[in-house]
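The chain contents come next:
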Amino acid sequence: MTGILGPTMTMWEQVVTIAMVVLGTMATRFVIFFIFSGGRSTPDYIKYLGKMLPAAAFGLLVIYCFRNVSLFSGDHAVPELAAAALTAGLHLWRRNMLLSMAGGTIFYMVLIRLLS
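**Q** Where do I start with unusual backbone geometry in this structure?
**A** Excluding glycine, a negative phi dihedral is what most residues carry, and trans is how most peptide bonds are arranged. One non-glycine residue, Ala77, lies in the positive phi region at around 65°. Mapped onto the elements of the fold, Ala77 is located in the loop between helix H2 (44–66) and helix H3 (78–94). For Arg95, which is not glycine, the phi dihedral falls at a positive 55°. Of note, Arg95 is situated in the loop between H3 and helix H4 (97–115).

Written out as structure tokens, the structure reads:
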């Protein structure tokens, strides 16, 4: 079958796709309990990854958000820089990553609507 956006999946293909996604998600969630089961202590490198990966992921988000920003054209990156400043300020104030990311995102969305 072909739809507006190209080939569409049959009902069976959709069911199999959803089942595979669920199986893959469950496997990645539960396999850690089989690897680190029992009374053994968590290895140091896993503790290190647990400490460093959140900051690394946040750094990747910052790079991704600023990848197409131009200081010399358009609005001169005012919404992006203002939202980044608010995000940093909220995080320094409350130390809550969800609040800082949501607040910065909402502020950015309002700014691009107002300045466009």
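Okay, back to it.
**Q** I would appreciate a short explanation of the packing of H3 against H4 in the present structure.
**A** Where H3 meets H4, the closest approach of the two axes is 8 Å, and the angle between their N-to-C directions is 155°. Classified by the angle their axes make, H3 and H4 are roughly antiparallel. H4 is crossed by H3, and the crossing has right-handed handedness. Of H4, the residues touching H3 (which contributes Val78, Pro79, Glu80, Ala82, Ala83, Leu86, Thr87, Leu90, His91 and Arg94) are Met97, Leu99, Ser100, Met101, Gly103, Gly104, Phe107, Tyr108, Leu111, Ile112 and Leu115. Class assignment for the residues of the contact of H3 with H4 results in 14 nonpolar, five polar and two charged.

**Q** Would you explain the layout of surface pockets in this entry?
**A** One number sums up the size of the largest pocket: a volume of about 420 Å³. Looking at the largest pocket, it is lined by 14 residues, and the ones nearest its centre are Leu61, Cys65, Phe66, Ala84 and Thr87. At the level of elements, H2, H3 and H4 are the ones that each hand at least two residues to the lining of the largest pocket. Residue composition of the lining of the largest pocket, grouped by class: ten nonpolar, three polar and one charged.

**Q** Help me understand the environment of Leu71 in this model?
**A** With respect to the helices and strands, the residue Leu71 is situated in the loop between H2 and H3. Between the C-alpha atoms of Leu71 and Gly104, which are 33 residues apart in sequence, the distance is 19 Å. What Leu71 contacts, discounting residues up to four positions off in sequence, is His76, Ala77 and Leu81.

Rules behind the numbers
- Along each chain, residue indices are assigned from 1 in the same order as the chain's sequence is written.
- Owing to the predicted nature of the model, reporting of local features is limited to residues with pLDDT of at least 70; listing and counting of side-chain atom pairs is limited to 80 or more, with chain, interface and lining totals taken over all residues.
- The side-chain values count all of the structure's non-hydrogen atoms but skip hydrogen atoms and water molecules.
- Comment: elements are numbered from the N terminus, with helices defined as DSSP H or I runs of at least four residues and strands as E runs of at least two.
- Between N-to-C directions, angles cover 0 to 180 degrees, with each direction set by a line fitted to C-alpha atoms, over the stretch in contact for helices.
- Comment on the angle field: the value is read as roughly parallel under 35 degrees, roughly antiparallel over 145, roughly perpendicular from 65 to 115, and oblique elsewhere.
- Crossings are sorted by hand: turned counterclockwise from the far helix by less than a right angle, the near helix makes the crossing left-handed, and turned clockwise it makes it right-handed.
- By definition in these notes, contact holds between two residues if any of their heavy atoms fall within 4.5 Å.
- Basically, the charged four are Asp, Glu, Lys and Arg, the nonpolar ten are Ala, Val, Leu, Ile, Met, Phe, Trp, Tyr, Cys and Pro, and anything else, Gly included, counts as polar.
- For each structure, a 1 Å grid was placed over the protein atoms alone; sets of points admitting a 1.4 Å probe that cannot get out are labelled cavities, open sets with protein on both sides within 12 Å along at least five of seven lines are labelled pockets, and lining residues have an atom within 4 Å of a point.
- Grid points are joined across faces, edges and corners, and a volume is the space filled by probe spheres set on the points.

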